[in-house]
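# Examination of the molecular architecture
Residue strings, one per chain:
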Amino acid sequence: MTDFKDNERGEGVPARAHSSPSGFGWLTVGLSTAGTLLIIAMAVGVNADILGRELINRPVPGVTEFLGLAIVAVVFLQIADTSREERHISNDLIVSWIAERHPRLAYAIYGIFHLIGAAMFLIIVWFVVPIFTENYQGGYYKGTAGYIQIPVWPFVGTVLVGAAAAAVQYVLLALREFGRAKGTPDV
Amino acid sequence: MSEITIGAICMLASLVLIQSGLHIGIALMLVSFLGVWGIKNVAVAGKLLASSVTTSIASDTFGVIPLFVIMGLFVSATGMGRDTFDVAAHVTRRLRGGLGIATVAANAVFAACTGTSIASASIFTKVAVPQMVRHGYQLPFAVGVVTGSSVLGMLIPPSLLMIIFGVLANTSIGDLFTAGIVPGIVLAASFSLCIFTLSIWQPERVFKGLSAHDRGEFDDIPLRALLAKVIPVGILIFIVLGGIYGGYFTPTEAGGAGAFAAFLIGVARREITLKIFWDVSIETGKITAAICFVLMAAQLYSQMLTLSGLPYAVGQWLQSANLNFVVILFGYLAVVVLLGCFLDSLSIMLIILPFVLPVIDGFGVNLVWFGLITIVAIEIGLLTPPLGMSVFVVKANLGAADITTWRIFMGTMPMTITMSLFLLVVVFFPSLSLVLLGKSWSWW
């Protein structure tokens, strides 16, 4: 759980986005904002459940189910923005060693890695579509019937949207690296 | 090509890809997808891939990951880290190597109110290292102390790593938490002893020049100010641990409750503004996405390995080789430490546990103890060259160009050695971990 590329941050205060978003960037930021709100909702849910249960003997129904569904949505709402800031967990000792000697080669390698990332997220989209339609048409839900029911399809939907956005993001990153490899300045 | 061969190739390929810098999650997912395709067919591969991203972490146990992350970030956003360090430094001010010991103590206290070691590593790099350097400590040593003691975060409850182990090994998370308390305190004490001994025995390793040490260089802090610094942290620990052991909430819920408590304390101290609250929440999302994506990938990876029959074959081979438990145990620990040199802690657990749990089960091993030694061994790997990840986190947070990774490794060495000895102690004395659970069990 280490090696998050968190660069300079003040004492305890997390760093903001490195680059200001533009165009497609706004979509990823929008998705990430939705993911952030979802996290706050999860925190509120857990505490409402604990307090309700312990203080007034009224637990909040469905919190457990909500946490399980929401975590998947959080990941995919954040994944494009996480990729944009290149915050994925990785181990780039070898490539950074190459980068010191042959910077252009290193850019090309990064470019290829980003293309692999794009391909992987496209594969995810391809195989998650059937799961989405199944949940949507079947009207599947989590929870207890007649008590609380959370439909599953919106959460699977975020997987689709997030993975598609991540694929686009990776293509953009790859283009940037290939541009650097050719020696043209950043767009 | 036999299925086992495919499994073995995939394992090798994943290590190579990860080493060359492909994102760990992407590497594991890609290799597993292709592996299952090779073993079965593309339809099965797609199905497993889709279910790994949509359902493999869709439970409340994984759902609390962001809550533990946000708790750590909230605590870091308040001045509680600096306060804890100040108080510890005040208590140890007349001791040789006192600031080093204070760093360890502050880390131990901090570990009791956060569930990850990233939070402690980044905060004490900023708080403790400059202080130590100002008081004549060698920079590599100061950094080494912070790096080494940040592993306490994973050992002293609450601990995210223990939650994940509990899920994988189907072991009580509450028991794991309890089991970490005594070893955590012992490790903190060992670190302190190591620092104290070194500062007397080899002062040139610890301090710049012979005369410089930190005796009597502190202003007296009045008792009232000390209390004001201690009380908020005390309240937070009381809520988190008291809540778990008082039965008010489960260990998995502790992240949420702790985050809320840290938030309230931060607001009361006027340290958490709306902007910081939002920044912390966004940051939590990014860290969560990075961790959880690797988790999803690793689950697919272990399914692929199971399909290939490789873990089963290894298990059979180990049985037919008639190896005794000691050989397997130490072989396992060696592999874990080795993996810790180039993978992060979560990935290691997810990759190696599918192999080892069935084998270990046959020996009737206490899984709580086993989880503990696994975590300690992983954390040792994170401190050792060539690729100890904790070291890189600290270096990133230090932001100083004047210290090379290699010198940080050297500075961390005393802590690494201490931790290796500590691992042996935990291995040979399971009662250390099990005493608070009221269980007695031993493998020898």
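Residues numbered from 1 in each chain as written. Chains lettered and ligands numbered in written order. Predicted model: local features only at pLDDT ≥ 70, side-chain atom pairs only at ≥ 80, totals over all residues. Heavy atoms only, no water.

On to the overall build of chain A. Scanning chain A from N- to C-terminus turns up five helices and two strands. Secondary structure elements of chain A, listed N to C terminal, follow the sequence α-α-α-α-β-β-α. The burial tally for chain A puts 48% of its 187 residues in the buried class. Of the contacts formed within chain A by residues at least 6 apart in sequence, a portion of 75% connects residues at least 24 apart. As displayed, chain A offers around 8900 Å² of accessible surface, 66% of which is attributable to carbon and sulfur atoms. (Helix = DSSP H or I, 4+ residues; strand = E, 2+ residues; numbered from the N terminus. Buried < 20%, exposed > 50% of the residue type's maximum accessible area, 1.4 Å probe, protein only. Contact = heavy atoms within 4.5 Å. Areas by Shrake-Rupley, 256 points an atom, 1.4 Å probe, with all protein chains shown as cover.)

Of the regular secondary structure elements, chain B holds 23 helices and zero strands. Against the globule reference of 22 Å for 444 residues, chain B gives a C-alpha radius of gyration of 22 Å, in line with a compact fold. Across its three principal axes, chain B shows a C-alpha extent of roughly 70 × 50 × 50 Å. Taking all 444 residues of chain B together, 64% fall into the buried category. Here the analysis covers contacts within chain B between residues at least 6 apart in sequence; of these, 79% occur between residues at least 24 apart. (Rg over C-alpha atoms; globule rule 2.2 N^0.38 Å.)

What follows concerns unusual backbone geometry. Residues and elements named next belong to chain B. Of note, the bond from Pro157 into Pro158 is cis; its omega dihedral lies within 30 degrees of zero at -5°. Backbone geometry at Asn170 places phi at a positive 55°, although glycine is not the residue there. Look at Asn170 and you get exposed, because its relative accessible area is 72%. Here Arg270, not a glycine, exhibits a phi torsion of approximately 55°, which is positive. Summarising the element assignment, Arg270 is placed in the loop between α15 (254-268) and α16 (274-308). Owing to a relative accessible area of 75%, Arg270 belongs among the exposed residues under this scheme.

All names here are of chain A. The pLDDT averaged across chain A works out to 80; a share of 82% of its residues lies at or above 70. When mean pLDDT is taken per element in chain A, helix α1 (residues 24-55) scores highest with 90 and helix α3 (residues 93-101) scores lowest with 75. Low pLDDT, under 50, characterises residues 1-18; the predicted model gives this stretch 60 contacts beyond four residues in sequence or across chains. (pLDDT = per-residue confidence, 0-100.)

With that settled, consider the side chain of Thr171 of chain B. Residues and elements named next belong to chain B. Relative to the assigned elements, Thr171 resides in the loop between α11 (160-169) and α12 (173-201). A polar contact is formed between the side chain of Thr171 and the backbone oxygen of Ala169, at a distance of 3.2 Å. Apart from residues no more than four positions distant in its own chain, Thr171 is found in contact with Phe165, Gly166, Leu367 and Val368. (Polar contact = N/O pair within 3.5 Å; in protein donor to acceptor, adjacent residues only side chain to side chain.)

A separate point is the pattern of salt bridges. Within this structure, the stated rule accounts for 11 salt bridges over all chains. A salt bridge links Lys286 of chain B to Asp81 of chain A; its shortest N-O distance comes to 3.1 Å. Residue Lys286 of chain B is located in helix α16, and its partner Asp81 of chain A is located in helix α2 (residues 63-84); the two belong to separate chains. For Asp81 of chain A, a relative accessible area of 3% translates into the label buried. In this structure, the salt-bridge partner of Lys229 of chain B is Asp83 of chain B, at a minimum N-O distance of 3.5 Å. Taken together, the positions of Lys229 of chain B in helix α14 (residues 223-245) and Asp83 of chain B in helix α6 (residues 80-91) put the pair 146 residues apart, joining distant regions of the chain. Each of the salt bridges in this network shares a partner with another, and the network as a whole consists of Asp83, Asp86, Lys229, Arg269 and Glu271 of chain B. (Salt bridge = Lys/Arg side-chain N within 4 Å of Asp/Glu carboxyl O.)

Right, let's get into the packing of α1 of chain A against helix α5 (residues 153-182) of chain A. Residue and element names in this part refer to chain A. Where α1 meets α5, the closest approach of the two axes is 11 Å, and the angle between their N-to-C directions is 140°. Between α1 and α5 lies a crossing of left-handed hand. Residues Phe24, Thr28 and Leu31 of α1 form the contact with α5, whose own contacting residues are Val161, Ala165, Val168, Gln169 and Leu172. In terms of residue class, the contact of α1 with α5 is made up of six nonpolar, two polar and no charged. (Axes fitted to C-alpha atoms, helices over the stretch in contact; angles between N-to-C directions. Left-handed = near helix turned anticlockwise from the far one by under 90°. Nonpolar A, V, L, I, M, F, W, Y, C, P; charged D, E, K, R; others polar.)

So, about α5 of chain A. Taking 1.5 Å of rise per residue, 30 residues should cover 44 Å, and α5 of chain A covers 44 Å from first to last C-alpha, within 8% of that figure. Looking at the residues trailing α5 of chain A, positive phi occurs at Gly183 of chain A, about 95°. (Expected span 1.5 Å × (residues − 1).)

So, about the packing of helix α19 (residues 345-361) of chain B against helix α20 (residues 367-381) of chain B. Residues and elements named next belong to chain B. Their axes nearest at 11 Å, the elements α19 and α20 cross at an angle of 140°. Relative to α20, α19 is oriented so that their crossing is right-handed. In contact with Ser345, Ile348, Met349, Leu353, Val356, Leu357, Ile360 and Asp361 of α19, α20 contributes Leu367, Phe370, Ile378 and Glu379.

Here the focus is the packing of aromatic side chains. What the rule picks out here adds up to 16 aromatic pairs over all chains. Relative to Phe293 of chain B, the ring of Phe121 of chain A has its centre 5.3 Å away and its plane inclined at 25°; by these criteria the two rings are stacked. Taken together, the positions of Phe121 of chain A in helix α4 (residues 103-138) and Phe293 of chain B in helix α16 put the pair across two chains. Pair check on accessibility: Phe121 of chain A and Phe293 of chain B agree, each one buried. The interplanar angle of 50° and the centroid separation of 5.2 Å between the aromatic rings of Phe325 of chain B and Phe363 of chain B together place this pair among those described as tilted. Residue Phe325 of chain B is found in helix α18 (residues 325-340), and its partner Phe363 of chain B is found in the loop between α19 and α20; the two are separated by 38 residues along the sequence. By relative accessible area, Phe363 of chain B is classed as partly exposed at 38%. Chaining the aromatic ring pairs together yields one cluster made of Phe121 and Tyr170 of chain A together with Phe293 of chain B. (Phe/Tyr/Trp six-rings, centres within 6.5 Å; stacked < 30°, edge-to-face > 60°.)

Quick look at the nonpolar core now. Phe76 and Phe121 of chain A together with Met29 and Phe370 of chain B are the most contacted members of the largest nonpolar core, which totals 203 residues. The greatest single-element share of this core, amounting to 16 residues, is contributed by α16 of chain B. (Core = buried A, V, L, I, M, F, W, Y, C linked by side-chain atoms within 4.5 Å.)

Residue and element names in this part refer to chain B. Turning to its location among the elements, Thr418 is positioned in helix α22 (residues 405-428). A relative accessible area of 11% means that Thr418 is categorised as buried. Among all residues touching Thr418, those that are not within four sequence positions of it are Ser190, Phe191 and Cys194.

Residues Ile417, Leu421, Leu424, Val425, Phe428, Phe429 and Trp444 of chain B make up a contiguous nonpolar surface patch of roughly 690 Å² in combined accessible area. Here Val425 of chain B shows up in helix α22. (Patch = residues over 30% accessible without salt bridge, like charges linked within 9 Å, V, L, I, M, F, W, Y side chains within 5 Å.)

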